[in-house]
Amino acid sequence: MATAQATARTNIALVKYWGKADLDANLPAVGSLSMTLDGLWTTTRVSFEPDLARDELQLDDQPAPEPARQRASRFLDLVRQQSGRTERARVVSTNSFPTAAGLASSASGFCALAAAATRAAGIDLPAPDLADLTRRGSGSAPRSLLGGFVELRPGDGCQVVQVAPADYWDLRLVIALCADGPKAVGSTEGMERSRRTSPYYDRWIDDHPADLDRARRAIAERELPALGRAAEASCFKMHALAMSSDPPLIYFQPATLAAVQRVWHLRAEGLVGYVTIDAGPHVKVLCAAADAEALAAELGRVDGVRRVMIQAPGPGVEVAA
Ligand code: DP6
């Protein structure tokens, strides 16, 4: 049978992607740079089946909500186009973390879907073509194709480049979950709103290459303070765009700000971590491996923080027949 399975880890952007150059083609307007995580993953099995009337998506043992099924189905149309297959597919996907909780499930989700669906369809795309196909599903997803520190470079399409492998630098991301349940406004809608309405959008686009340079250089020199400061700058610029959209978008919860303040306070006292926040309330803290446990314990004591996880740099996508 035409079936294959892939496991992709999620990734967290240190230099953020926010804004699309082309909405229909899902082409990011800016590059981005992320760390692939070792312990937060999606495993997806795709089977093309002649008897199916439509694409079916099961997510964590449940039929997926209709918008998610349709989004996956539109992506599978691209795979059918490229492979010449016509059957509909059964997709069974499991996340090791809460879906849509702001932990970038679309990154690992579409990366695993792209890798499994192309293999199941019998096409072995060269890496650049697979990256470009994957970003049609989600702009952050191609970064999960590779392990360690990964840069996405948009152009005509999108390419991903491994800036450094997972074992290059013993860093950790400490993740503080600052709310339960899914986020209110997804990143696709949020970044479109920012592009259309934020007065700062053009400046964001203009500054972005310098932000990427800064992060790339910090990684090359293994300079945590430089990388951390670049990550914080990119994060809060992105959130400034969200907040300056019309209507405004605030992804923070009270616990989000309390966690940020705690990290900054601890840093001033010598326990060094740097924050980043995506389109959701959770706070991710970049730090040296040796400081991760202490930071996790501190964050666990912040009011409103539900749970704390420690993540190391992880590997790229793995595909099995
Ligand atoms: C804030 O990749 O989820 O996490 O391309 O519309 O699927 P789509 O957006 P998505 O956006 C990620 C936004 C971010 C920053 C980042 O991961 O770079």
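Overview of the structure. All of these numbers come straight from a predicted model, not from anything done at the bench. (Residues numbered from 1 in each chain as written. Predicted model: local features only at pLDDT ≥ 70, side-chain atom pairs only at ≥ 80, totals over all residues. Heavy atoms only, no water.)

**Some thoughts on the packing of aromatic side chains**
Which entries qualify depends on this criterion: Only the six-membered ring of Trp is used, alongside the rings of Phe and Tyr, when aromatic pairs are assigned; centres must lie within 6.5 Å, and planes under 30 degrees apart are stacked while those over 60 apart are edge-to-face, with the rest tilted. Numbering of helices and strands runs from the N terminus, with a helix taken as a DSSP run of H or I at least four residues long and a strand as a DSSP run of E at least two residues long. Note on classification: 1.4 Å probe, protein chains only; a residue is buried when its accessible area is under 20% of the maximum for its type, exposed when over 50%, partly exposed between these limits. Distance and angle both matter: a charge sits over a ring if NZ of Lys or CZ of Arg is within 6 Å of the ring centre and within 35 degrees of the ring normal.
Applying the stated criterion across every chain yields a total of six aromatic pairs. Pairing W18 with Y251 gives two aromatic rings, centres 6.2 Å apart and planes at 90 degrees, and the pair type is edge-to-face. Of the two residues, W18 is situated in the loop between strand 1 (2–15) and strand 2 (20–22) and Y251 in the loop between helix 6 (224–243) and helix 7 (254–268); the sequence distance between them amounts to 233 residues. Their ring planes at 85 degrees and their centres at 6.5 Å tell us that Y168 and W169 sit as a pair that is edge-to-face. Here W169 falls in the buried class, since its relative accessible area comes to 10%. Taken together, F149, Y168 and W169 form an aromatic cluster joined through their ring pairs. Here the basic side chain of R222 rests over the ring of Y168, its NZ or CZ set 3.9 Å away from the ring centre.

**Focus on the side chain of E49**
Where we set the bar: The contact rule is simple, with two residues in contact once any of their heavy atoms fall within 4.5 Å.
Here E49 is to be found in strand 4 (residues 32–49). The exposure class assigned to E49 is buried, which follows from its relative accessible area of 17%. What E49 contacts, discounting residues up to four positions off in sequence, is M1, E87, R88 and R90.

**Notes on unusual backbone geometry**
Backbone phi values are negative for most residues with the exception of glycine, while trans is the configuration of most peptide bonds. A cis amide bond links D246 to the next residue, P247, at an omega of -5 degrees. For P247, the position within the fold is in the loop between helix 6 and helix 7. With a phi close to 45 degrees, R222 is a non-glycine residue in the positive phi region. Structurally, R222 can be placed in the loop between helix 5 (201–220) and helix 6. On the basis of relative accessibility, which here comes to 45%, the residue R222 falls in the partly exposed class.

**A look at the packing of helix 1 (residues 66–83) against helix 3 (residues 127–137)**
Applied cut-off: Comment: axis = line fitted to C-alpha atoms, over the contacting stretch for helices; angle = value between 0 and 180 degrees taken between N-to-C directions. Should an angle lie under 35 degrees it is considered roughly parallel, over 145 roughly antiparallel, and from 65 to 115 roughly perpendicular; all remaining angles are considered oblique. Here is the rule for handedness: rotate from the far helix to the near one, and if that takes an anticlockwise turn smaller than a right angle the crossing is left-handed, while a clockwise turn gives right-handed. Classes in brief: Ala, Val, Leu, Ile, Met, Phe, Trp, Tyr, Cys and Pro nonpolar; Asp, Glu, Lys and Arg charged; the others, Gly included, polar.
The N-to-C vectors of helix 1 and helix 3 enclose an angle of 155 degrees; their axes lie 9 Å apart at closest approach. Here helix 3 runs roughly antiparallel to helix 1, going by the angle between their axes. In this structure, helix 1 meets helix 3 at a crossing whose hand is right-handed. Residues R71, F75, L78, V79 and Q82 of helix 1 form the contact with helix 3, whose participating residues are L133, T134, R136 and G137. Of the residues in the contact of helix 1 with helix 3, the class split is four nonpolar, three polar and two charged.

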